[in-house]
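Listed below, chain by chain, are the residues.
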Amino acid sequence: MSRSPDKRSALELVNYLKHDVGLTNAEIANELQRDRRMVTKIINGETSGALYQQALSELARTGQVTHRPPRRRNSAGEIIRVRTKGGETRVPEETAGRYVPQPKRGKFESKTTYLREGGRQIRVAFPKTKSAKGRQAGVEELMHQARAIAKGQRWGQRRVKFQVTYANGRVQEIGSKAGYQSSDFLAQVHNHQGDALSWLATQSSDRYIDLDTSATPITGVTMTVWQARDGEPDFSF
């Protein structure tokens, strides 16, 4: 598709995001802050999707959405009610406007940037206090993303590498240029009782002898994912 993303219809953009970038209906809907049924309606021609065209264009250009589409309104200017999964209706929150991450004390933050051919860059920030609920929730989010990557077979075997930020501000790169196979990463984390941060800290200490990972907690992880190509060297643990 040669046209600029800004000139494409909502349907063209959805097809581009699904077939060229590798997003699922659920991932597109999540970026739009809508139910994935809305994406299905665009695909089936039940709606033009014009309301979502700007956000879809932004997602196609940059890999993420910062300008959320507004909610539909009736002739009186009131937000139209939506049906919940339980069959009830409710007035949804208005989503229009530009959004930037807002850190919250004790909470984790997660942001995914979508790349071509099923690639991803997933950033997760954690509270530094080990007992904070948001820290464990952030680890669970990181593992959820990693499992979803390993399951995605459409684009073939995927590789991952990491950039880790510690509470003292130090940043470490984990993984060679070839990275790790996503399935191997999951297996190694399993050997660390499912604690991805523990595994990453071990990888850091193995490479950087001047870093005391037991005293300085990890506060951020950026996981970059790409498709392994034929002839690309393997990386084994």
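Fair warning: this is a prediction, and the values are worked out from it, not measured in the lab.

Averaged over every residue, the pLDDT of the chain is 81; residues scoring 70 or more account for 84%. Taken as a whole, residues 1-5 scores under 50 in pLDDT and shows 9 contacts with residues more than four places along the chain or in a different chain. Low pLDDT, under 50, characterises residues 233-237; the predicted model gives this stretch 16 contacts beyond four residues in sequence or across chains.

A few words on helix H6 (residues 182-190). Of all the positions in H6, only Ser-182, Phe-185, Leu-186 and Val-189 are classed as buried. The buried side chains of H6 occupy one side of the element, clustering within an arc of 95 degrees when seen end-on.

Here the second largest pocket defines a volume of roughly 650 Å³. As for the second largest pocket, its lining consists of 23 residues, of which Asp-35, Met-38, Arg-71, Val-82 and Arg-83 are closest to the centre. For the lining of the second largest pocket, the secondary-structure elements that each account for two or more residues are helix H3 (36-44) and strand E2 (82-83). Here the lining of the second largest pocket gets 3 residues from one element, more than from any other, and that element is H3. Its residues assigned to classes, the lining of the second largest pocket comprises 9 nonpolar, 4 polar and 10 charged.

For helix H1 (residues 10-21), the set of buried residues is Ala-10, Leu-13, Val-14, Tyr-16, Leu-17, Lys-18 and Val-21. Following H1 by one or two positions, Gly-22 adopts a phi angle in the positive range, close to 95 degrees.

Each value, and the rule that gives it
Residues numbered from 1 in each chain as written. Predicted model: local features only at pLDDT ≥ 70, side-chain atom pairs only at ≥ 80, totals over all residues. Heavy atoms only, no water. pLDDT = per-residue confidence, 0-100. Contact = heavy atoms within 4.5 Å. Buried < 20%, exposed > 50% of the residue type's maximum accessible area, 1.4 Å probe, protein only. Helix = DSSP H or I, 4+ residues; strand = E, 2+ residues; numbered from the N terminus. Arc of directions from axis to C-beta. 1 Å grid on protein atoms, 1.4 Å probe; cavity = no way out; pocket = protein on both sides within 12 Å on 5 of 7 lines; lining within 4 Å. Points joined across faces, edges and corners; volume = space filled by probe spheres on them. Nonpolar A, V, L, I, M, F, W, Y, C, P; charged D, E, K, R; others polar.

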